[in-house]
Amino acid sequence: MNVVTTFKEKKREKQIKYERSLLRELSIQRLHAKVKECFGSSRLANGLIMNSGIEEACFDVAIEAYLLGGRFSRFGYYGESQEMARERCNQEERHLIDTLYNFFLFWGNGDEGAAGESLYFLCEQYVGGWWQEGFKKGEMKHKLRMH
């Protein structure tokens, strides 16, 4: 007797397999270094980064942005520019940026004020950088047919 599977289950299994292959190229050391590089210069974020919970939240957002870029890299493989593919996932990317920014604000001391805007730009750069890296790795996997 054969096992009946739905299209959604097969699609989800394929997506999980692809995401695992993307994540193999990511290391904790690189995530840690990127957090220090991006948020180490900000006075507000620098004090908060010492909290391991915030660093883990940065890792989570970075991984999600990386996988989001990897998922949308197939459009780049089929001829779209990186900017056009990025426009397709603008809403999801904004959600990641807002999530990270709000997390910093929640754990902050309440003295963000003018520094809040620069912190938001740092969050945009952080998420955008990870999105681009995931996009490039995913596009390379599609070109090499390793997906």
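Above this text you will find the structure in question.
This structure is a prediction, so every number in the text was calculated from the model and none was measured. (Residues numbered from 1 in each chain as written. Predicted model: local features only at pLDDT ≥ 70, side-chain atom pairs only at ≥ 80, totals over all residues. Heavy atoms only, no water.)

A. Fine view of the pattern of salt bridges. Counting across every chain of the model gives seven salt bridges. The partner of Arg86 in a salt bridge is Glu93, with the nearest N and O atoms 2.6 Å apart. Close ionic contact of Glu124 with Arg94 constitutes a salt bridge, the shortest N to O distance being 2.8 Å. Of the two residues, Glu124 sits in helix H8 (residues 115-143) while Arg94 sits in helix H7 (residues 90-107), which places them 30 residues apart along the sequence. Given a relative accessible area of 22%, Glu124 falls into the partly exposed group. Using a relative accessible area of 34% as the deciding quantity, one classes Arg94 as partly exposed. Connected through shared salt-bridge partners, Glu25, Lys137 and Lys141 make up one network. (Salt bridge = Lys/Arg side-chain N within 4 Å of Asp/Glu carboxyl O. Helix = DSSP H or I, 4+ residues; strand = E, 2+ residues; numbered from the N terminus. Buried < 20%, exposed > 50% of the residue type's maximum accessible area, 1.4 Å probe, protein only.)

B. How the structure looks around helix H1 (residues 7-23). The end-to-end C-alpha distance of H1, which contains 17 residues, comes to 24 Å, matching closely the 24 Å that a straight helix rising 1.5 Å per residue would cover. Taken residue by residue, H1 has Tyr18, Glu19, Ser21 and Leu22 as its buried positions. Relative to the axis of H1, the buried residues are bounded by an arc of 160° and lie together on one face. Exposed side chains of H1 directed beyond 90 degrees from the buried face belong to Lys17 and Arg20. (Expected span 1.5 Å × (residues − 1). Arc of directions from axis to C-beta.)

C. The arrangement of the packing of aromatic side chains in detail. Counting across every chain of the model gives seven aromatic pairs. When the ring of Phe39 is compared with that of Phe104, the centres are 4.9 Å apart and the planes differ by 55°; the resulting orientation is tilted. Highlighted residues: Phe39 in helix H2 (residues 28-39) and Phe104 in helix H7, separated in sequence by 65 residues. This pair shows no difference in class: Phe39 is buried, exactly as Phe104 is. Cluster of aromatic residues (ring-pair linked, three or more members): Phe39, Phe104 and Tyr126. Cation over ring: Lys34 sits above Trp130, and NZ or CZ is 5.6 Å from the ring centre. (Phe/Tyr/Trp six-rings, centres within 6.5 Å; stacked < 30°, edge-to-face > 60°. Lys NZ or Arg CZ within 6 Å of the ring centre and 35° of its normal.)

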